[in-house]
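A structural walkthrough
Residues per chain are reported as follows:
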Amino acid sequence: MDMSLNEQQAWNAHLQTPVIFNHHAPVKVNDSTIEHVDLNPVKSTVHALDNEERILLLTPLKDAAPYLSKYFELIAELSYPHHLIDLGFLVGDSKDDTLAVLAMELDRIQKRPDQIPFRSATIVEKDFGTILGQNVEDRHGFEAQGPRRKAMGRARNYLLSSTLKSDHSWVYWRDVDIVESPAAILEDFIKHDRDILVPNIWFHRYENNVDIEGRFDYNSWVESEKGLKLAASLPKDVVLAEGYKQYDTGREYMAKMGDWRDDPNVEINLDGIGGVNILVKADVHRSGINFPCYPFENQAETEGFAKMAKRAGYEVVGLPNYVVWHIDTEEKPGNA
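The model shown is predicted, which means the values in this text are computed figures rather than measured ones.

**Digging into helix α4 (residues 98-110)**
Given a rise of 1.5 Å per residue, 13 residues ought to cover 18 Å, and the 18 Å separating the end C-alpha atoms of α4 matches this to within 8%. Burial in α4 covers these residues: Thr-98, Val-101, Leu-102, Glu-105, Leu-106 and Ile-109. What you see down the axis of α4 is that its buried residues fit within an arc of 130 degrees, all on one side. Tucked inside the fold, the buried residues of α4 contact β1 (54-61), α3 (68-76), β2 (85-91) and β3 (120-125).

Below, the structure is given as structure tokens:
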């Protein structure tokens, strides 16, 4: 107070003009070309029903017209809320009426007035020029395995990249030629809270009115020292296939384990998996774990997917006592 006006002016000359920051002022984006995607709330948890977690159900199709009626009969029975399930199909290299039958089945099921219609359905068309036939000799001969698995891996990747959305928590891969599976299969799988989970795949074959209960999927296996040594000795572009005399891997097959009469929740760790029925946490796929259409550690498609996932630190788990029933096959001896 003893300063003169001139002295006060000189004293305050070194001070800056005060600025008040409001860190909570909102930023508004009005441009319609800008979309904001927040993946942080999208989780894959055991509380999927309570959280209304969305599931993407994917099925690749080729010459599948005879199986689609049963396929839709089974997925219509799924007890997981259908308004939380999106369907995705890829139709490729088909010579029959797969696309037409699929369209009719989808139109029928989506127009139902009850709780059966699904949240959405997407059909992807993509031909890869695959010339392999669908008969047993073409599909399951040893020479066909490398090209066949690579083509199937490519089809799965195209389907996945065309349909996976930001709000999907789970991806459920389901083949078209399943003939029997529990209605609560999604809830059963989700409660295990595993990154990647597969059931055992068997098939019914009746001879003299006796159910033989054949084992189908030998692509779900536990690695062996013999298999590792074999892979190390092979060129990197060779795709190993299970059950053929050309390459004896010595692996332990989940198809030969378990029994559907025993505890269905028993788990085993796997190194390779088949593709008939797979539940995957969506973030596994988002992290870049897909189905190699090239040899990855001498494996391709679903087996390569399992190898890649384990290399990235994800869990690959099988349920030897939880059986999903595949259509009967007439595979020749020599294929495991």
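On we go.
**Re the pattern of salt bridges**
Summed over all chains, the structure comprises 24 salt bridges. A salt bridge links Arg-119 to Asp-167, with the shortest nitrogen-to-oxygen separation between them at 2.7 Å. Taken as a pair, Arg-119 in the loop between α4 and β3 and Asp-167 in the loop between α6 (142-163) and β4 (168-174) lie far apart in primary sequence, 48 residues in all. Using a relative accessible area of 36% as the deciding quantity, one classes Arg-119 as partly exposed. Arg-251 is the salt-bridge partner of Glu-223, the closest N and O atoms lying 2.9 Å from each other. One end of the pair, Glu-223, is in the loop between β10 (221-222) and α8 (225-233); the other, Arg-251, is in the loop between α8 and β11 (252-253), and 28 residues separate them in sequence. One exposure class covers both Glu-223 and Arg-251, and it is buried. A single network of salt bridges, built from pairs that share partners, joins Arg-149, Arg-156, Asp-175, Glu-301 and Glu-303.

**With respect to the pairing of strand β6 (residues 196-203)**
When you tally the buried positions in β6, you get eight out of eight residues, the bulk of the element. By the bridge criterion, eight bridges tie β6 to strand β14 (residues 316-326) in an arrangement that is parallel. In the strand pairing of β14, Trp-202 is matched with Trp-325. Alignment of β6 against strand β13 (residues 277-281), held across two bridges, turns out to be antiparallel. If you follow Leu-197 over to β13, its bridge partner there is Leu-279. Judged from the two bridges that link them, β6 and strand β9 (residues 214-215) form a sheet pairing that is antiparallel. What sits directly across from Trp-202, in β9, is Arg-215.

Thresholds, definitions, all that
Residues numbered from 1 in each chain as written. Predicted model: local features only at pLDDT ≥ 70, side-chain atom pairs only at ≥ 80, totals over all residues. Heavy atoms only, no water. Helix = DSSP H or I, 4+ residues; strand = E, 2+ residues; numbered from the N terminus. Expected span 1.5 Å × (residues − 1). Buried < 20%, exposed > 50% of the residue type's maximum accessible area, 1.4 Å probe, protein only. Arc of directions from axis to C-beta. Contact = heavy atoms within 4.5 Å. Salt bridge = Lys/Arg side-chain N within 4 Å of Asp/Glu carboxyl O. Pairing = 2+ DSSP bridges.

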